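Next come the chains, spelled out residue by residue.
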Amino acid sequence: MRFSTLDQWLSWQETLHPNPIDLGLDRVSQTLVRLGLTDPEYTVITIAGTNGKGSSVALLQSILLAAGYHVGTYSSPHLLRYNERIQINGHPVDDGLLCEAFERVDQARAPDTQHHLPSISLTYFEFGTLAAIDIFQRAQVQVAILEVGLGGRLDAVNVLDADLALITAIDIDHENWLGADREIIAREKAGILRAGQTAICSDPNPPMALVEYADKLATFLFLPGRDFEASLSGDHWNWRGTTGQSLDLPLPALPGDFQVNNAAGVLAVVEQLYECSLIPKPVTYQEIALGLKTASLSGRFQVIKGTPLQILDVAHNPQSARALAENLQRQTVEGKTRAVLAMLADKDITAVVASLHEVVDQWYLASLDVPRGATSQQLEAAIGGGQDTLIFDDVASAYQAAMSDAEPLDRIVIFGSFYTVAEVLSHAV
């Protein structure tokens, strides 16, 4: 084996390819062929979208586990441990399993002199994607839920044909890679669709480009409001499915009214899995209700109880920031709201902070010491005048200052990036 520890493998993978992001399927496809995994023995569900992907993975996994299925999930990025990315039945795989999978991927990408095949250079994300596909095959999962990392069409996850695809809410993000228009971005997300297969969209306002692409491809696309729908009613919600059935359900355990949209799309997926003969038995009402009530996802309006109240959210684009603001406004807080913010410089910082202006009383702005990280001065400039701001060199200092300044009835909101939340979680847990 090339390396004996997971940290060694990951450090090496970061240097293997000249570009951290290099969209395209050629390299990963060639390696997949060499691995002999082009036709996996499990049902593949691929999930793309700007917001709601992680929540949808968590909800779908929880429901299928409640129904007794053997489920693998692949998602990114992780918060505290790389192992979080690849899970079997809700549990992150251990270091040894990952190292063994990485070794098999490394052997597959190595030059083959007998057949005159050159070595294949893989990105960090491509390496992990291939390892997940390999692990799921060996674990004999029945269903693999694969979350797209970036875009859809050229993302490494798209190397496998989805048996069923889900596209969640689409908004502006990763503009340098995907464009600055919802219609253009939708076409990239639509790249996970396949001719003659079934797909679900949970965006309540689906871009026309997505619908047109599905029509051209002859994909059976189910849309909210037309083919299925959800309506809130106090502490429960009603769902009308793609086959006409109607269910009165408990609210998802994940906080926020917008999670009902995610859950509605997930239930359409669950229903179509059986309708398309991708699972052997339908999921019952009791299993759906249990899955909704037990789903969990770190870093999405994650509450750390105590004094002061702490809320962690990976919101980093305008749509997710508006959802965070709505959740905060629904809470009753007697004291001040203090926000610890650190972001990547290529995000729409101005739009993100504007969504929170009416909610935040004091800002603790931190520089993010990662590639593409914004400085605290950049954040302060985006916020503009009229706001109470303090600047710090790093997230830990900003967080510690906010905790020190806070009164017992205050709340501290930590958001802006997976990196920001991960840094605070490492101190808070």
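Numbering of residues starts from 1 in every chain and runs along the sequence as written. Given that the model is predicted, a residue must reach a pLDDT of at least 70 before its local features are reported, and side-chain atom pairs must reach 80 or more before they are shown or counted; all residues, however, enter totals for whole chains, interfaces and linings. Processing note: side-chain calculations cover all non-hydrogen atoms of the structure and skip hydrogens and water entirely.

Student: Would you mind going over the packing of helix 2 (residues 26-35) against helix 5 (residues 124-139) with me for this structure?
Tutor: A pair of packed helices is characterised by two quantities: the angle between their axes and the separation of those axes. Lines fitted to the C-alpha atoms define the axes, with helices restricted to the stretch that makes contact. Angles between their N-to-C directions range from 0 to 180 degrees. A run of DSSP states H or I qualifies as a helix once it reaches four residues; a run of E qualifies as a strand once it reaches two. Both are numbered from the N-terminal end. Contact geometry for helix 2 and helix 5: axes closest at 11 Å, N-to-C directions at 30°. With respect to helix 5, the element helix 2 is oriented roughly parallel. With respect to the hand of their crossing, helix 2 and helix 5 are arranged in right-handed fashion. In this structure, helix 2 uses R27, V28, T31, L32 and L35 to contact helix 5, whose residues at the interface are E126, L130 and I133. When residue character is reported, Ala, Val, Leu, Ile, Met, Phe, Trp, Tyr, Cys and Pro are called nonpolar, Asp, Glu, Lys and Arg charged, and the others, Gly included, polar. Looking at the contact of helix 2 with helix 5, its residues break down into 5 nonpolar, 1 polar and 2 charged. Just so you know how the angles are binned, under 35 degrees is roughly parallel, over 145 roughly antiparallel, 65 to 115 roughly perpendicular, and the rest oblique. Should the near helix be turned anticlockwise from the far one by less than a right angle, the crossing is left-handed, and should it be turned clockwise, the crossing is right-handed. Contacts are residue-level and defined by heavy atoms, with any inter-residue pair within 4.5 Å sufficient.

Student: Would you mind going over helix 2 with me for this structure?
Tutor: Since the α-helix turns once every 3.6 residues, residues separated by three or four places project in the same direction. Only protein chains enter the accessibility calculation, which uses a 1.4 Å probe; a residue is then buried when its area is under 20% of its type maximum, exposed when over 50%, and partly exposed in between. Along helix 2, the residues classified as buried are R27, V28, T31, L32 and L35. One side of helix 2 carries all its buried residues, which in axial view fall inside an arc of 130°. Facing away from the buried side of helix 2, by more than 90 degrees, are the exposed residues D26 and V33. Of the surrounding secondary structure, the elements contacted by the buried residues of helix 2 are helix 4 (95-109) and helix 5. One or two residues past the end of helix 2 sits G36, with phi positive at roughly 75°. The arc under discussion is defined with respect to the helix axis, by the directions toward the C-beta atoms.

Student: How should the pairing of strand 17 (residues 411-415) be read in this particular structure?
Tutor: On a regular strand, each side chain points to the face opposite its neighbour's, so the side chains alternate between the two faces of the sheet. Of all 5 residues in strand 17, 5 are buried; the element is thus mostly enclosed. Every second residue of strand 17 is oriented toward a common face, with R411, V413 and F415 on one face and I412 and I414 on the other, all of them buried. Pairing between strands is defined by DSSP: at least two bridges between the two strands are required. As judged from the 5 bridges shared by strand 13 (residues 309-313) and strand 17, these two strands associate in the parallel manner. In the sheet register, D313 faces strand 17, and the bridge partner there is F415. Inspection of the sheet shows strand 14 (residues 337-341) paired to strand 17 by 5 bridges, in the parallel sense. Bridging from a neighbouring strand, T337 pairs with R411 of strand 17.

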